[in-house]
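# Structural features, examined
The chain contents come next:
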Amino acid sequence: MKKPKVGIFDFACCEGCQLQIANMGEDVLSVLGSIDVLEWREVMSEKWGKKLDIAIIEGSITDPHAVKRIKQIRKKAKILIAIGSCATIGGVNGMKNNFGLDDIRKYVYGDSYRFFPTELTKAVHQVVKVDYFVHGCPMYIPEFVALIKAALQGIPYYPPDYPVCVECKLNENVCMYDRQVTCLGPVTRAGCNSWCINNGNICYGCRGMVSNPNEKGAQDVLAKYNIPMELILNKMNMYNKCRELT
Amino acid sequence: MKKNVNINVEYITRVEGHGNIVINVKDGKLETCRLDIVEAPRFFEGMLRGRSVFEAQHITSRICGICACGHTLASIQAAEDALGIIPTEQTTKLRKLLLDLEMLDSHILHIYVLVAPDLLGVKSFVPLIQTHGEVVRRALRMKKTCNDLCDILVGRHVHPISAIVGGFTKLPRLKDIDAMLNMLISIRHDMDETVELAATLKFPEFERDTEYVALVSDDAEYPLLMGDIGSTDGVRMHKKEYRKITNEFVVPHSSAKHTKLSRESYAVGALARFNLNAEKLHPKAKQIASAVGLKPKCINPFLNTVAQLVESVHCLEHATGILEDLKNNPLNYDEEIVVGLNEQRRIPVRAGNGVGAVEVPRGVLFHNYHTDENGAITNANCIIPTNQNTANIEHDMMKLVPEILDKSEEEITLAVEMLVRSYDPCISCSTHLMNVKFVK
Ligand code: SF4
Ligand code: SF4
Ligand code: SF4
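Note that this is a predicted model, so its numbers are computed, not measured.

### Some points on the overall build of chain B
- Across its full length, chain B holds 15 helices and twelve strands.
- Expressed as a percentage of the 440 residues in chain B, the buried residues total 67%.
- By sequence separation, contacts in chain B at least 24 residues apart represent 71% of the contacts at least 6 residues apart.
- Accessible area of chain B: about 14,800 Å², with a carbon and sulfur share of 51%.

Given below as structure tokens:
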């Protein structure tokens, strides 16, 4: 069988999701053994620029140049995979959309702000069609591996659509609400194995919202501790501001 | 014959982020020599306005995946300075350990993945899998070990979970400390082999005297987490005065601002730290430095990679020392905190202005936050190492290119690319934007 041709491309992001791949250690060699990586700027000087079987996209679309580039990549790729919250939901870059674009440019660059064009932050699927989503900031490697396997076989992958609380309960954590701290677990899509709560912090909502955030579980938690939905939605803006664009 | 050279290397590959090198030689005379930063700005400082200072670590960690722990530590330091929190001795110890691990992780990545291909004469790390399988496996093994160590200490390396303002939400148990210690010991041998490999690499001979800037201190510890700001030209200032050090100015060709201090440019990073603090390195690191002939003040920028090697040895030993100490002096688990976004005001909040100055792999990093009486950020400023180095890189190129003009265009291109890469420029960081001035 011919190895699939793969390219890895980054847009506005911290490149932490690519690093997650490097952090797989020697296991990355078995992944690299089953595919043919032809373009990956962070570690390769080689440039490919032709047809690809799989394009892996990291980062958000934030300026006119990026819109053009992602459209070109989409055209030459059979399958397009978005990795990390920046790409799948806009992620932290979306907080920019809380401000006027000129306002934020002037704040950061002063009088020379005109040199630095920017647009509203968008997730990749808000610009081109995306075939697979690996959520998370950063993405969770076991999910990435499972998804790549599915993509290579051409079968769909569905991320969980229940809240982080489900995983959190299985992990037997003491609920943050019982510790008098607000947590976004009840409205956030699971799949990270309640990573942050396992480590004593709260869920910040990095994997995006479950498709029906008003579902019963979430409501029960919020009602029990008398927390208005509005407060939670405000906190959701750290990662989920871009959902307003769709 | 007078030579014309026109080089425009778009997207210098193998550096984190996007940069262009532009060189223009006309009739044997250097006309242009630039490093353009073209990455899409992400406006972090702008986005922080109005957010709780308790969210700042979480957000600014996302400036850079490679220095996630460094941004975390600088951010926490700035926030705690603004709030008037003095971290406990235990917290400081664990933060130093985290910084050692990040330094080691990043230096290893840089030496193997980003620089070794140049020196071994291949295009990238990928063909090395065939030709230098052992080297590749070693690199990945070391990288993964550093990453796994951070997973234990702070939940994950990209992006740390348990290191927050006020301390740690989860402290490593005794078995975790044992595991970390064993992991560090397990890569000792790989470290020795890395030193051997590095000793065989040939670095270009090139020198340019410049000013080096790094944290300095009066105690005997190699300063990474805390200290004043010092320079090889004799400057010494408190971290609160960081703006007098960086003197940022905007240049039209770059979305990252440039900086200067006593001269037209200055350099930060492993070589700068080595030049200012070499005598405080761990004895084993000192020994390696003298074995490879690195001594202060070294003014060959290509040798920044060698300084990174020396620091890797130092950090490995220093981290091992901390863990051994933690075995004998167990942690106080009552210090574990539950904070969230501090809606319950468990940590007292006040209006303030705080600065964090931390040595991260690429050099000294500054975070500065102003907060209101509710702990909301009113102004934020981050000055990233790569920005501080850009002007210095350009001055290096201006001296280097005329010296090698008799070479082919390919060779010149490779030489300047190598020069830029030796600074380990995290360009993705440097476009996360500098604030011109605080509107007060
Ligand atoms: S999703 Fe998070 S970790 Fe991944 S690239 Fe974006 S900011 Fe970095
Ligand atoms: S609210 Fe948070 S802490 Fe509580 S169960 Fe859900 S995810 Fe876990
Ligand atoms: S717990 Fe929440 S914030 Fe943490 S990784 Fe999971 S979804 Fe993201």
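Next comes the rest of the write-up.
### Description of the overall build of chain A
- In terms of helices and strands, chain A carries ten helices and five strands.
- Taken across its 246 residues, chain A has 62% of its residues classed as buried.
- Summarising the internal contacts of chain A: among those between residues at least 6 apart in sequence, 74% fall at separations of at least 24.

### Focus: the domain arrangement of chain A
Residue and element names in this part refer to chain A.
- Looking at the assigned domains, one finds that chain A contains domain 1 (5-153) and domain 2 (164-244).
- Across the contact, 20 residues belong to domain 1 and 14 residues belong to domain 2.
- Here domain 1 meets domain 2 over a buried area of about 1,400 Å², counting both sides, of which 58% is carbon and sulfur.
- Area buried by domain 1 at its contact with domain 2 is led by I89, H135 and Y140, which between them contribute 40% of it.
- One can count one salt bridge joining domain 1 with domain 2.
- Of the residues that constitute the side of domain 1 that touches domain 2, the class distribution is seven nonpolar, eleven polar and two charged.

### Some details on the pairing of strand 6 (residues 211-216) of chain B
Residue and element names in this part refer to chain B.
- In terms of residue burial, strand 6 counts as a mostly covered element, since six of its six residues are buried.
- The pairing of strand 6 with strand 9 (residues 266-267) spans two bridges and is classified as parallel. Counted as the bridge partner of Y212 is A267 from strand 9.
- Across four bridges, strand 6 lies against strand 7 (residues 228-231) in antiparallel orientation. Across the sheet, L215 pairs through a bridge with I229, a residue of strand 7.

### Describing unusual backbone geometry
- Look at the link from V158 of chain B to H159 of chain B: it is a cis peptide, with omega at -10 degrees.
- Its location among the elements puts H159 of chain B in the loop between helix 6 (133-154) and strand 4 (163-164).
- Cis geometry is found at the peptide bond from P296 of chain B to K297 of chain B, where omega equals -10 degrees.
- Relative to the helices and strands, K297 of chain B resides in the loop between helix 11 (283-291) and helix 12 (304-328).
- In this structure, E172 of chain A is a non-glycine residue whose phi angle is positive, near 60 degrees.
- Among the structural elements, E172 of chain A can be located in the loop between helix 7 (164-170) and helix 8 (195-198).
- Residue E172 of chain A is classed as exposed on the basis of its relative accessible area of 71%.

### Considering the site of ligand 2
- Every residue lining ligand 2 is accounted for by C165, C168, C175, M176, Y177, C183, G185, P186 and I197 of chain A.
- Of the residues belonging to the shell around ligand 2, the class tally is eight nonpolar, one polar and no charged.

### Considering the sheet that holds strand 12 (residues 377-383) of chain B
All names here are of chain B.
- The strand order 10-11-12 describes an open sheet built from three strands, whose pairing is antiparallel. Of all strands in the sheet, those with a lone pairing partner are strand 10 (352-360) and strand 12, marking the two edges. Across the sheet, the axes of successive neighbouring strands diverge by a mean angle of 10 degrees, strand direction being ignored.
- Where strand 11 (residues 363-371) lies against strand 12, six bridges are found, and the strand directions are antiparallel. Each bridged residue has a counterpart across the sheet, and for H370 the counterpart in strand 12 is N379.

### Comments concerning the environment of A380 of chain B
- With respect to the helices and strands, A380 of chain B occurs in strand 12.
- Placed 38 residues apart in sequence, A380 of chain B and M418 of chain B show a C-alpha to C-alpha distance of 34 Å.

### Considerations on the site of ligand 1
- Lining the immediate surroundings of ligand 1 are 14 residues, of which C14, C17, S85, C86 and C137 of chain A lie closest.
- Ligand 1 is flanked by residues contributed from chains A and B.
- Contributing elements (two or more residues each) for the shell around ligand 1: helix 1 (16-22) and helix 4 (85-88) of chain A.
- Within the shell around ligand 1, the residues separate by chemical class into six nonpolar, five polar and three charged.

### A few points about the packing of aromatic side chains
All names here are of chain A.
- Within this structure, the stated rule accounts for three aromatic pairs over all chains.
- Here Y140 and W195 contribute two aromatic rings whose centre-to-centre distance is 5.1 Å and whose plane-to-plane angle is 65 degrees, an arrangement assigned as edge-to-face. Highlighted residues: Y140 in the loop between strand 5 (132-134) and helix 6 (141-153) and W195 in helix 8, separated in sequence by 55 residues. For the pair shown, Y140 and W195 are each scored as buried.

### Focus on the pairing of strand 1 (residues 5-10) of chain A
All names here are of chain A.
- The buried count for strand 1 comes to five of six residues, which makes it a mostly enclosed element.
- In terms of strand pairing, strand 1 meets strand 2 (residues 36-40) through four bridges, oriented parallel. What sits directly across from I8, in strand 2, is W40.
- Two strands pair when backbone bridges link them, and strand 1 and strand 3 (residues 52-58) are joined in this way by five bridges, in the parallel orientation. Each bridged residue has a counterpart across the sheet, and for G7 the counterpart in strand 3 is A55.

### Digging into the packing of helix 6 of chain B against helix 8 (residues 188-200) of chain B
Residues and elements named next belong to chain B.
- For the pair helix 6 and helix 8, the least separation of the axes is 11 Å and the interaxial angle reads 130 degrees. As far as their axial angle goes, helix 8 and helix 6 are oblique. Every pair of crossing elements has a handedness; the one defined by helix 6 and helix 8 is left-handed. Here helix 6 contributes V135, R138, R141 and M142 to the contact with helix 8, which in turn contributes D190, M191, E193, T194 and L197.
- Taken together, the residues of the contact of helix 6 with helix 8 sort by class into four nonpolar, one polar and four charged.

### Observations regarding the nonpolar core
- Counting residues in each nonpolar core, the largest one holds 152 residues, and the members touching the most others are M191, L294, Y369 and M397 of chain B.
- In terms of residues, this core owes the most to one element, helix 4 (residues 89-119) of chain B, which gives 13 residues.
- The two domains that each donate at least three residues to this core are domain 1 (5-153) and domain 2 (164-244) of chain A.
- Setting aside residues up to four positions removed in sequence, M397 of chain B forms contacts with I21, C33, R34, L35, P402, V416, L419 and V420 of chain B.
- Membership of the second largest hydrophobic core comes to 26 residues, among which are C17, Y132, V134 and I148 of chain A.

### Considerations on the pattern of salt bridges
Residue and element names in this part refer to chain B.
- Applying the stated rule across the entire model yields 30 salt bridges over all chains.
- Residue D209 is joined to R263 by a salt bridge in which the shortest nitrogen-to-oxygen separation is 3.6 Å. Separated by 54 residues along the polypeptide, D209 in the loop between helix 8 and strand 6 and R263 in the loop between helix 9 (242-246) and strand 9 bring together distant segments of the chain.
- Salt bridges linked by common partners bring D209, D233, R263 and K297 together as one network.

Thresholds, definitions, all that
- Once a new chain begins, its residue numbering starts again from 1 and follows that chain's sequence as written.
- The order in which chains are written sets their letters, starting at A; the order in which ligands are written sets their numbers, starting at 1.
- Predicted model: local features are reported for residues with pLDDT of at least 70 only, side-chain atom pairs are reported and counted for 80 or more only, and whole-chain, interface and lining totals are derived from all residues.
- In computing side-chain values, all of the structure's heavy atoms are included and hydrogens and water are not.
- Strands here mean DSSP runs of E at least two residues long; helices mean DSSP runs of H or I at least four residues long; both are numbered from the N terminus.
- Each residue's exposure class comes from its accessible area (1.4 Å probe, protein chains only) as a fraction of the maximum for that residue type: buried when under 20%, exposed when over 50%, partly exposed otherwise.
- Working rule for contacts: check all heavy atoms of both residues, and any pair within 4.5 Å makes them a contact.
- Each accessible area value is a Shrake-Rupley result obtained with a 1.4 Å probe; residue values ignore everything except the protein chains displayed when judging cover.
- Each domain's extent was defined by an automatic or database domain assignment.
- Buried area: the accessible area, evaluated with a 1.4 Å probe, that two parts lose upon being put together, summed over both parts.
- One speaks of a salt bridge when a side-chain nitrogen belonging to Lys or Arg is within 4 Å of a carboxyl oxygen belonging to Asp or Glu.
- Amino acid classes used here: Ala, Val, Leu, Ile, Met, Phe, Trp, Tyr, Cys and Pro are nonpolar; Asp, Glu, Lys and Arg are charged; the rest, including Gly, are polar.
- For two strands to pair, DSSP has to find at least two bridges joining them.
- Nearness here has a simple test: a residue counts as near a molecule or strand if at least one of its heavy atoms is within 4 Å of that partner.
- Axis angles are defined between N-to-C directions and span 0 to 180 degrees, where every axis is a line fitted to C-alpha atoms and, for a helix, only to the segment in contact.
- Geometry of aromatic contacts follows a simple scheme: Phe, Tyr and Trp rings, the Trp one being its six-membered ring, pair when their centres are within 6.5 Å, and the pair is stacked under 30 degrees between planes, edge-to-face over 60, tilted otherwise.
- The cut-offs work like this: below 35 degrees is roughly parallel, past 145 is roughly antiparallel, 65 to 115 is roughly perpendicular, and the gaps in between are oblique.
- In this scheme the crossing of two helices becomes right-handed for a clockwise turn of the near helix relative to the far one and left-handed for an anticlockwise turn of less than a right angle.
- To qualify as a nonpolar core, a set must consist of buried Ala, Val, Leu, Ile, Met, Phe, Trp, Tyr and Cys residues joined through side-chain atoms within 4.5 Å.

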